[in-house]
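Given next are the chains, with one letter for each unit.
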Amino acid sequence: MFGFLKNFFASSRAYGSGDYVRNIHRSDYARSPRVVPVTRGGVRGRYDAATTNDENRRHWAAADGLSANAANQPNVRRVLRNRARYEVANNSYARGIVLTLANDTVGTGPRLQLLTDDDATNNIVEKAFEQWCDAVDLAGKLRTMRMAKAESGECFILLTANPQIDSPVKLDIRLIEADQVATTSQAAAGSKVPTNNLTDGIVFDSHGNPVQYHILKYHPGERGALDELKHDPVPAASVIHYFRADRPGQSRGIPEITPALPLFAQLRRYTLAVIAAAETAADFAAVLYTDAPASGEAESIEPMDIVELERRMATVLPGGWKLGQVAAEQPATTYAEFKQQILNEIARCLNMPFNVAAGNSSGYNYSSGRLDHQVYFKSIRVEQEQIGRVVLDRILRAWLEEAILVSDFLPLWLRTTPFRELEHQWFWDGAEHVDPNKEANAQATRLQSNTTTLAYEYARQGRDWEDELRQRAKEMALMKELGLSAPSKAAAA
């Protein structure tokens, strides 16, 4: 005992002058290897957000330290998907927001432009790919895919063959809902893949690359479906996973409208409550009331009795009683403002301005409308870039691999050219300007000062500058042939 105390004081003197105080009891240190910092004469900082007290304990009760995949467990994502789909199906604002987002992002569909030195090959490939896009309804499927990302968090695209396609290339794209990509308990038990490489239907290699997807034969929500637990292992080369990773290491997506789901519910409840209050007030044609006290001279009547009134009649009330009506106090004067603030908060998680989400720009002027749309359309361009890189490039690569196998369909030199060497770009529908006259003057100024190019200006409108100039040359030649003069600058001004 005395030897232990002697060692203890010796250790205290040895470590007392340092920056840390360590637990010298080896068994305790093994159980809890903690190092406690001690400051001497310095400033100790403290974060208010890291402090837990009686006022904020309930607010931060749900905060956890789970990883991205642990936080987005299958049962959690299932609940979020079901609730998001319910709101989109039953809430008019939610439906309109998701539809507007899909229409503004995809529009009438992307258009391919090859940038190789062979103009003839560029035209052949572009026209053939456009014909195939129409055959498989690529634009419509991309819009559905964008809606699925907003309300389900992700969408899977299966590259498959379809002999019924009206095109020499029989490649087809089939959309797979997020519920159908999952690993069942039976499949997980019989899988030889390590558990840390299997994340709810996706098998990853040691480098984090997806190598296989487990696609259920039937949708879990399909009524009367047989063998709903069986799945087909599909190689990653045939599957495109479209989602947004908000956290490092995230493997599956959650609905983009997740933060707005409680607000959608509040908006619907408030609207129904206001309508119910207004209807209740309107249901009472009249009420009888008295100012006399309980022991006053008013005649006795039956409380809550109902009296039917006839039109254009005159009547006599009981003594001491008066006739009145229930004041309709709903909707309140703040009803419209409350709905506007809720919608503004709902649309914020999608980078969508209020006037686009509400479909109402009555409170906007020109400057505020332009400013809000700049942020919105910038997010649209970011989304289009992701679709082009993650989805369209994969589809174009698969299409070229099938097209070069068709006899006399594409030039032979494409067979020996790697896809990464085929420079190309995707055109999307341009956003219409609020004031076309000001935009045209701005374009003319930029072109005159050499701060822009025709290619860039046409690309902002979703058009190919070469095709537009060729078409304009044909029009000018035809006008000259017919003796028509081009509009002068003064007339245009």
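Residues numbered from 1 in each chain as written. Predicted model: local features only at pLDDT ≥ 70, side-chain atom pairs only at ≥ 80, totals over all residues. Heavy atoms only, no water.

## Regarding the overall build of the protein
The condition is simple: The numbering of helices and of strands both runs from the N terminus, where a helix is a DSSP run of H or I of at least 4 residues and a strand a run of E of at least 2. Any residue under 20% of the maximum accessible area for its type is buried, any over 50% is exposed, and the rest in between are partly exposed; the area is computed with a 1.4 Å probe on protein chains only. Contact definition: two residues touch when any of their heavy atoms are within 4.5 Å.
Looking only at helices and strands, one finds 16 helices and 13 strands in the protein. In the protein, which comprises 493 residues, the proportion classed as buried is 31%. Put simply, 68% of the contacts in the protein that link residues at least 6 apart link residues at least 24 apart.

## Observations regarding helix H15 (residues 465–481)
Put simply, the rule reads: Multiplying 1.5 Å by the residue count of a helix minus one yields the expected span of that helix.
The end-to-end C-alpha distance of H15 is 24 Å, a good match for the 24 Å that 17 residues give at a rise of 1.5 Å each. One or two residues past the end of H15 sits Gly-483, with phi positive at roughly 75°.

## Quick word on the confidence of the model for the protein
Note the following rule: Note on scores: pLDDT gives the predictor's confidence for each residue, bounded by 0 and 100.
Looking at the protein as a whole, the pLDDT averages 82, with 78% of positions reaching at least 70. The least confident element of the protein, judged by mean pLDDT, is strand S1 (residues 20–21) at 42; the most confident is strand S10 (residues 239–243) at 97. Note that residues 12–33 has pLDDT below 50 and, in this model, 15 contacts with residues that lie over four places away or in other chains.

## Details of a nonpolar patch on the surface
Quick reminder of the rule: Patch construction takes residues with relative accessible area above 30% that form no salt bridge. Like charges are linked within 9 Å, and nonpolar side chains (Val, Leu, Ile, Met, Phe, Trp, Tyr) are linked within 5 Å. Where accessible areas are quoted, they stem from the Shrake-Rupley method and a 1.4 Å probe; at the residue level, only the protein chains shown are allowed to cover. We count a salt bridge whenever a side-chain nitrogen from Lys or Arg sits within 4 Å of a carboxyl oxygen from Asp or Glu.
Taken together, the side chains of Leu-447, Leu-454, Trp-465 and Leu-469 make up a nonpolar region of the molecular surface, amounting to roughly 290 Å² of accessible area. Locating Leu-447 in the fold gives a position in helix H13 (residues 436–448). Residue classification places Leu-447 among the partly exposed residues on the basis of a relative accessible area of 32%.

## Here we look at unusual backbone geometry
Despite not being glycine, Asp-137 shows a phi value in the positive range, around 55°. Examined against the element boundaries, Asp-137 turns out to sit in the loop between helix H6 (119–136) and helix H7 (138–152). Looking at Asp-137, the relative accessible area reads 43%, which means it is partly exposed. Although it is not a glycine, Asn-450 sits at a positive phi angle of roughly 60°. Tracing the sequence through the fold places Asn-450 in the loop between H13 and helix H14 (454–460).

## Quick look at the packing of helix H4 (residues 74–90) against helix H5 (residues 92–106)
Condition: The angle between two axes is taken between their N-to-C directions and runs from 0 to 180 degrees, where each axis is a line fitted to C-alpha atoms and a helix contributes only its stretch in contact. Each angle receives one of four descriptions, namely roughly parallel if under 35 degrees, roughly antiparallel if over 145, roughly perpendicular if within 65 to 115, and oblique otherwise. The nonpolar class holds Ala, Val, Leu, Ile, Met, Phe, Trp, Tyr, Cys and Pro. Asp, Glu, Lys and Arg form the charged class, and all remaining residues, Gly among them, are polar.
For the pair H4 and H5, the least separation of the axes is 5 Å and the interaxial angle reads 100°. With respect to their mutual orientation, H4 and H5 come out roughly perpendicular. On H5, the residues that touch Glu-87, Val-88 and Asn-90 of H4 are Ser-92, Ala-94, Arg-95 and Val-98. A class-by-class count of the residues in the contact of H4 with H5 yields three nonpolar, two polar and two charged.

## Things to note about the sheet that holds strand S7 (residues 202–204)
Each strand in a sheet pairs with its neighbour through backbone hydrogen bonds, running either in the same direction (parallel) or in the opposite one (antiparallel). As a reminder of what qualifies: DSSP-based pairing: two strands are paired if at least 2 bridges between them are found.
One open sheet holds the four strands; their spatial order is S6-S7-S8-S9, and the pairing between them is antiparallel. Lying at the two open borders of the sheet, with one neighbouring strand each, are strand S6 (198–199) and strand S9 (231–235). Note that S6 and S7 share two bridges and pair antiparallel. Following the sheet pairing, Leu-198 is matched in S7 by Val-203.

## Some details on the pattern of salt bridges
By the definition in use, this model includes 21 salt bridges. For the salt bridge of Arg-244 with Asp-246, the shortest nitrogen-to-oxygen distance reads 2.7 Å. Judged by its relative accessible area of 38%, Arg-244 is partly exposed. Taking the relative accessible area as the measure of exposure, Asp-246 reaches 45% and is therefore partly exposed. Notably, a salt bridge pairs Glu-475 with Arg-472, separated by 3.1 Å at the nearest N-O pair. Taken together, the residues span about one helical turn, with Glu-475 and Arg-472 both in helix H15 at a distance of three residues.

## Some points on the sheet that holds S10
With antiparallel pairing, the three strands of this open sheet are ordered in space as S5-S4-S10. In this open sheet, the two edge strands, each paired with only one partner strand, are strand S5 (171–176) and S10. Put simply, the sheet's adjacent strands are angled 25° from each other on average, direction ignored. Sheet analysis places strand S4 (residues 154–161) next to S10, joined by five bridges and oriented antiparallel. The residue bridging Phe-156 from the neighbouring strand is His-241, located in S10.

## A word on the environment of Ala-347
You can see Ala-347 is positioned in helix H10 (residues 335–348). In the structure, Ala-347 is positioned 253 residues away from Ala-94 in sequence and 9.4 Å away in space, judged by C-alpha atoms. Once you skip the residues sitting within four places of it in the chain, Ala-347 turns out to touch Met-352, Pro-353 and Ala-357.

## Description of the nonpolar core
Note on soluble globular proteins: their nonpolar side chains tend to be buried together. Selection criterion: For this analysis, a nonpolar core means a set of buried residues of the types Ala, Val, Leu, Ile, Met, Phe, Trp, Tyr and Cys, connected via side-chain atoms within 4.5 Å.
Core analysis: the largest hydrophobic core is formed by 38 residues, its most contacted members being Trp-132, Val-391 and Trp-399. In this structure, Ala-84, Ala-260, Leu-343 and Tyr-376 belong to the second largest nonpolar core, which totals 27 residues.

## Focus on the environment of Asp-200
Within the element layout of this structure, Asp-200 appears in the loop between S6 and S7. Residue classification places Asp-200 among the buried residues on the basis of a relative accessible area of 16%. It is 8.8 Å that separates the C-alpha atoms of Asp-200 and Ser-251, two residues lying 51 residues apart in sequence. What Asp-200 contacts, discounting residues up to four positions off in sequence, is Pro-74, Arg-77, Val-181, Ala-182, Thr-183 and Arg-252.

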